[in-house]
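Single-letter residue listing:
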Amino acid sequence: APIISTGCGNDLIEFPALVSVCNFFITTDTLGLHVALALKRKTIALIGPTSNKEVDMYNLGKKIIAKSNCLCCYKENCKSMNKISTKEIIDGIEEILNFKITVLITAFKEPSIERAINAVLNQKTKYNFNILISAPDKETIDIAKGYAKNDKRIGIFKDPGKGKMHAINLILKEIQNNEILILTDGDVYISDNAIEEISNLFLDPEIGCVAGRPVPIENKKTKYGYWANFLFDAAHALRKGAFMMHEFIECSGYLFAFKGDNTIKIPLDTAEDTIIPYYFWEKGYKIGYAENAKVYVKNVDNWRDWIKQKTRTSKAHETLDKYADTKTTPRVKSFKKEANGIYDLLYYPSNFREFYWSLLLASARLYMWGSVLYNIKIKKFDSVDNWERVESAR
């Protein structure tokens with residue numbers, strides 16, 4: 001490998017610029033450590049004469065502490081650094097670079113979960129990964145156990161049945177800080193390149209969270225199929241544009257991933273696919289969009305289920321102001337943002353029937369937002385985390 005000598009005379013503009021082109025940084029407890037961590041680089045800190053207790057790696061690497069009796073002495077002639085072996089450093093590099101990947105499938109009374117599991121097992125990827133299936137009901141757990149008998153990569157988590165966010169919070173406590181957690185649901189299935197596409201984005205050390213691309217399995221020949229295609233296409237355009245411009249992206253709960261951090265706790269009255277991206281964005285990370293990592297979704301086919309599903313989702317987004325700085329980074333999903341997108345809806349149809357369906361969708365979304373704002377602002381109803389099936393989406 002080529003070696004570039006950068007010299008030692010770099011100023012406070014040149015030096016951080018040099019660090020920024022690195023994917024991995026090995027340093028002592030110096031300015032280099034602080035710059036590398038600020039730039040979100042995977043880092044190994046070699047520590048001897050300074051205090052290792054005062055160094056926080058912010059889940060970005062590890063400390064290798066000299067095996068010496070002269071630790072934290074702050075003497076200029078300290079020899080403790082000689083006690084750090086090359087093997088320790090190489091082992092540390094391998095530990096950090098070989099990050100663990102876990103695919104979490106959450107489900108509730110999901111008879112079609114076999115399709116979701118098979119889609120994950122049949123991934124075409126160079127990355128090793130494990131699968132964790134979380135469900136509160138016996139039927140889904142029994143299906144998962146059948147798979148776990150034949151594949152050691154599969155684990156099972158018995159969800160206590162208090163809701164999806166509650167279950168994810170329990171799982172997050174056990175996630176390692178160097179782990180990539182990919183979340184998806186038992187009623188959808190992912191493309192065979194999804195893990196590869198998502199994991200590749202995490203090679204960029206500045207990426208903290210990655211959104212996949214939901215795709216409806218319905219065509220545009222029915223009203224609800226047309227509605228689903230428009231909404232998913234509009235979300236795709238927003239995420240793709242935001243990623244190209246390095247702007248904030250809200251993810252989709254159907255498929256998204258983030259770096260393991262066992263300090264994360266999801267509020268039970270909000271949406272995990274939005275609050276987690278805010279968590280990383282406010283820490284200075286970028287949100288990635290893996291547009292070729294597709295997740296195939298069956299959508300509802302009747303008004304009762306449609307309004308129930310959309311109202312529930314939108315209610316969860318209305319609580320974000322309590323947990324994220326939405327003034328600095330405004331919410332992507334809001335009545336105001338949606339009203340500004342009315343022109344896209346009117347330009348989307350390709351015939352008169354689709355234009356009529358567009359008008360109906362505009363009316364339906366207006367009714368939905370009216371219901372959401374009335375229940376939250378007037379009646380003061382809170383969003384509640386619980387397992388609730390939408391039958392026609394199965």
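What you see is a predicted model, and the numbers here were worked out from it, not measured in a lab.

Before going further, it helps to examine the overall build of the protein chain. When helices and strands are counted, the protein chain shows 13 helices and 11 strands. Each principal axis of the C-alpha atoms in the protein chain carries an extent, and together these give about 80 × 50 × 45 Å. Per-residue burial for the protein chain yields a buried fraction of 49% across its 394 residues. Residue pairs in contact within the protein chain that sit at least 24 positions apart in sequence constitute 71% of those at least 6 positions apart. Carbon and sulfur atoms make up 55% of the accessible area of the protein chain, which totals about 20,300 Å².

With that out of the way, let us pick up the layout of surface pockets. Each pocket or cavity is described by its volume, and for the second largest pocket that value is around 530 Å³. Every residue lining the second largest pocket is counted, 25 residues in all, and those nearest its centre are Tyr58, Asn59, Leu60, Gly61 and Asn177. Elements with a contribution of two residues or more to the lining of the second largest pocket: β3 (61-65) and α3 (86-97). A breakdown of the residues in the lining of the second largest pocket according to their chemical character gives nine nonpolar, seven polar and nine charged.

This part is about the pattern of salt bridges. One pass over the structure, following the stated rule, counts 15 salt bridges. Between Glu88 and Lys67 there is a salt bridge, and its shortest N-O distance comes to 2.7 Å. In this pair, Glu88 sits in helix α3 while Lys67 sits in the loop between β3 and α3, placing the two residues 21 residues apart along the sequence. By relative accessible area, Lys67 is classed as exposed at 62%. A salt bridge links Glu272 to Lys164; the shortest N-O distance between them is 3.1 Å. One end of the pair, Glu272, is in helix α9 (residues 272-281); the other, Lys164, is in helix α6 (residues 164-172), and 108 residues separate them in sequence.

Our next topic: unusual backbone geometry. Its identity is not glycine, yet Cys72 carries a phi of approximately 60°, on the positive side. The topology assignment puts Cys72 in the loop between β3 and α3. According to the relative accessible area criterion, Cys72 is partly exposed, its value standing at 39%. A positive phi angle, close to 60°, is found at Tyr74, a residue other than glycine. Along the polypeptide, Tyr74 turns up in the loop between β3 and α3. Here Tyr74 falls in the partly exposed class, since its relative accessible area comes to 49%.

With 15 residues, helix α10 (residues 303-317) should cover 21 Å at 1.5 Å per step; its first-to-last C-alpha distance of 21 Å lies within 8% of that length. Taken together, the buried positions of α10 are occupied by Asp305, Trp306, Ile307, Gln309, Lys310, Thr311, Ser314, Lys315, Ala316 and His317. At the N-terminal end of α10, a side-chain oxygen is found 3.2 Å from the backbone nitrogen of Arg304, two or three residues along, and the residue is Asn302.

Read across the sheet, three strands follow the order β1-β2-β3 without closing on themselves; strand pairing throughout is parallel. In this open sheet, the two edge strands, each paired with only one partner strand, are β1 (24-28) and β3. Between one strand and the next, the sheet's axes are offset by a mean angle of 15°, whatever the strand orientation. Helix-sheet contacts for helix α2 (residues 31-38) involve β1 and β2 (42-47), and the interaxial angle to β1 is about 150°. Against the sheet, α3 makes contact with β1, β2 and β3, and its axis sits at roughly 155° relative to β2, the strand it touches most.

Our next topic: the confidence of the model for the protein chain. Here the protein chain averages 89 in pLDDT, and 93% of its residues register 70 or above. In the model of the protein chain, helix α11 (residues 335-340) stands out as the element of lowest mean pLDDT, 68, in contrast to strand β11 (residues 286-297), which has the highest, 97.

The rules behind the values
Residues numbered from 1 in each chain as written. Predicted model: local features only at pLDDT ≥ 70, side-chain atom pairs only at ≥ 80, totals over all residues. Heavy atoms only, no water. Helix = DSSP H or I, 4+ residues; strand = E, 2+ residues; numbered from the N terminus. Buried < 20%, exposed > 50% of the residue type's maximum accessible area, 1.4 Å probe, protein only. Contact = heavy atoms within 4.5 Å. Areas by Shrake-Rupley, 256 points an atom, 1.4 Å probe, with all protein chains shown as cover. 1 Å grid on protein atoms, 1.4 Å probe; cavity = no way out; pocket = protein on both sides within 12 Å on 5 of 7 lines; lining within 4 Å. Points joined across faces, edges and corners; volume = space filled by probe spheres on them. Nonpolar A, V, L, I, M, F, W, Y, C, P; charged D, E, K, R; others polar. Salt bridge = Lys/Arg side-chain N within 4 Å of Asp/Glu carboxyl O. Expected span 1.5 Å × (residues − 1). Polar contact = N/O pair within 3.5 Å; in protein donor to acceptor, adjacent residues only side chain to side chain. Pairing = 2+ DSSP bridges. Axes fitted to C-alpha atoms, helices over the stretch in contact; angles between N-to-C directions. pLDDT = per-residue confidence, 0-100.

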